[in-house]
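Given next are the chains, with one letter for each unit.
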Amino acid sequence: MELPTSFFGWVAFLLDKYGMLFLQGALFTIVIALTGTVIGFLIGLLVAILRTVPVGAKDSRVKRIGLKALSVILSVYIEVFRGTPMIVQAMVIYYGTMQLGLRMPVLAAAIFIVSINTGAYMAEIIRGGIISVDKGQKEAATAIGMTHWQSMIHVVLPQAVRNIMPSIGNEFVVNIKDSSVLNVISVNELFFMSKSAAGTYLRYFEVFFITACIYLVLTFTVTRLLRVLERKMDGKVNYTIYGSQSDSQASIKLVKEGEVPID
Amino acid sequence: MIDAAAPILSVEHLKKSFGDHEVLKDISFSVSQGDVVSIIGSSGSGKSTLLRCVNFLEEPTAGEIRFHGKNAETEWPKAEYHAKVGMVFQSFNLFNNMSVLKNCMSGQLRVLHRNPKEAEEKALFFLEKVGMSPYRDARPAQLSGGQKQRVAIARALAMDPEVLLFDEPTSALDPEMVGEVLGVMRGLAQSGLTMLVVTHEMAFARDVSKRVIFMDSGVIAEDNTPEEIFTSPKQQRTRAFLSRILEK
């Protein structure tokens, strides 16, 4: 078999030979990044809601101590997972559970690691989002009789999430790229697949040029889609005014036929 | 049996401190059914804090609030008390993520568990009353201050409250919009709703309310009918405040 001699010749050759491999890798990367971001977002929401439960001096001892303990645990979680590299977390969690006799399917392990890592970042991003919402919104919800959960779910979080959409998008893009570190636990994501493809003919430059292009296409598409979603969240720019514009200050002038209204 | 003379709401020996700063010093008064009470006084006299304590947006340091004779904090379910004692804020605080109609429905749905159809009818009824039903699909950001405050009043009314608290409802409005909000409040006062109004609008206090409470540095300095307060105030500090305000 004749091997190509030019750079683009190699690119075409490798694409032809390993197209399915790249495609499968890209698919795994998207699945891991998307699921990880969504689950991480949910973890972040939960942590943020729990960390903002108001505690008054008149609450019971049990509630106060319970919330304090919970808050300490959540802070530890955030600090540990933000403060260590995901690649190390992957090793510790995957091989750690294996030594304990728990053999996680490798894709499940990958999603678990990305989710729990993203959750720690999201908790802080969402906390920032909650702070960005005017505190009058929470007060109005409380004054109308809503509980902490109700006011968070129906009033504060929808606004907070809208405000932090750009950061959530960032986190998603980071996950697409950083899931590449999971090759250390041999999950079939894009980087791992590329490494296998490059090894056969020892064409690292050409293979990883293709890989870079695929990552770029993925992240670019995701960024655009998120912009569309943001615009959708903003709602309609226009609204319909129903009936006559009977403002409380509007006055109605009665004019007889043939008469000219006097202003 | 409901005793007509029994107060609907009473504040007993209420104290509130922020750190070392004592904002409210032993406040007691009561409000009867249908009373319209204006609370006046200079900035920093504790008027707004008092109102916020009545609604537990601030936790009182001491004393209690009684609603229909029962302790509002311990003997009333929190949600029920808040539904019956509504609040209108200086800065409107409409839910920014909802349309005008949804603003007036969400409390009914989440707190009173009304069905959506009933909640919508009720919301539209009160929006109509404040002249805002044509704007039911608008978002708060698309309304003027006066319109927002009228929606906020409709939102509070849709909960069928027995008492409405107003925290300087016209202070954040352009002068030309004050009238439309006061007009709505005047109508409510005439309809027999019990109202507690912290205000700088002396005309409203004088002409609409049945009682005026003058607060000064955390205490009730004078509590009387508007005629007495505005024509023959008993206290020197009431006179001083009124002359400062009315001179303008």
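Residues numbered from 1 in each chain as written. Chains lettered and ligands numbered in written order. Predicted model: local features only at pLDDT ≥ 70, side-chain atom pairs only at ≥ 80, totals over all residues. Heavy atoms only, no water.

Colleague: Mind laying out the sheet that holds strand E5 (residues 70–71) of chain B, listing which residues take part and the relevant values?
Modeller: Residues and elements named next belong to chain B. Overall, antiparallel pairing links the 4 strands, which are arranged E2-E1-E4-E5 in an open sheet. Of all strands in the sheet, those with a lone pairing partner are strand E2 (21–31) and E5, marking the two edges. Here 2 bridges tie strand E4 (residues 62–67) to E5, and the two strands are oriented antiparallel to one another. By the bridge assignment for E5, Phe67 is matched with Lys70. Packed on one face of the sheet, helix H1 (residues 47–54) meets strand E1 (9–18), E2 and E4 and runs near 115 degrees to E1. (Pairing = 2+ DSSP bridges. Helix = DSSP H or I, 4+ residues; strand = E, 2+ residues; numbered from the N terminus. Contact = heavy atoms within 4.5 Å. Axes fitted to C-alpha atoms, helices over the stretch in contact; angles between N-to-C directions.)

Colleague: Go over the interface of chain A and chain B, please, and point to the residues and values.
Modeller: Opposite the 33 residues of chain A that make contact, chain B presents 36 residues. Taken together, the two surfaces of chain A and chain B that pack against each other cover about 2,900 Å², and 51% of this comes from carbon and sulfur. Sorting the residues of chain A by area buried against chain B places A:Ile144, A:Tyr239 and A:Tyr242 first, and these three jointly supply 22% of that buried surface. Counting the contacts that link chain A with chain B gives 1 salt bridge. Summed over the shared surface of chain A and chain B, the result is 11 residue pairs in polar contact (both at pLDDT 80 or more). The set of elements that each furnish at least two residues to the side of chain A that touches chain B consists of helix H5 (135–143) and helix H6 (148–178) of chain A. The element contributing the most residues to the side of chain A that touches chain B is H5(A), with 7 residues. Its residues assigned to classes, the side of chain A that touches chain B comprises 12 nonpolar, 15 polar and 6 charged. (Buried area = accessible area lost by both parts, 1.4 Å probe. Salt bridge = Lys/Arg side-chain N within 4 Å of Asp/Glu carboxyl O. Polar contact = N/O pair within 3.5 Å; in protein donor to acceptor, adjacent residues only side chain to side chain. Nonpolar A, V, L, I, M, F, W, Y, C, P; charged D, E, K, R; others polar.)

Colleague: Go over the packing of aromatic side chains with me, naming the residues and quoting the values.
Modeller: Each pair of aromatic rings is reported with the distance of its centres and the angle of its planes. Applying the stated criterion across every chain yields a total of 16 aromatic pairs over all chains. Both rings, one in A:Tyr94 and one in A:Tyr95, keep their centres 5.1 Å apart while their planes meet at 75 degrees; by these two values the pair is edge-to-face. A relative accessible area of 7% means that A:Tyr94 is categorised as buried. Through a chain of ring-to-ring contacts, three or more aromatic side chains come together here, namely A:Phe7, A:Phe8, A:Phe205 and A:Phe209. Positioned over the ring face of A:Tyr242 is B:Arg136, at 4.0 Å from the centre of the ring. (Phe/Tyr/Trp six-rings, centres within 6.5 Å; stacked < 30°, edge-to-face > 60°. Buried < 20%, exposed > 50% of the residue type's maximum accessible area, 1.4 Å probe, protein only. Lys NZ or Arg CZ within 6 Å of the ring centre and 35° of its normal.)

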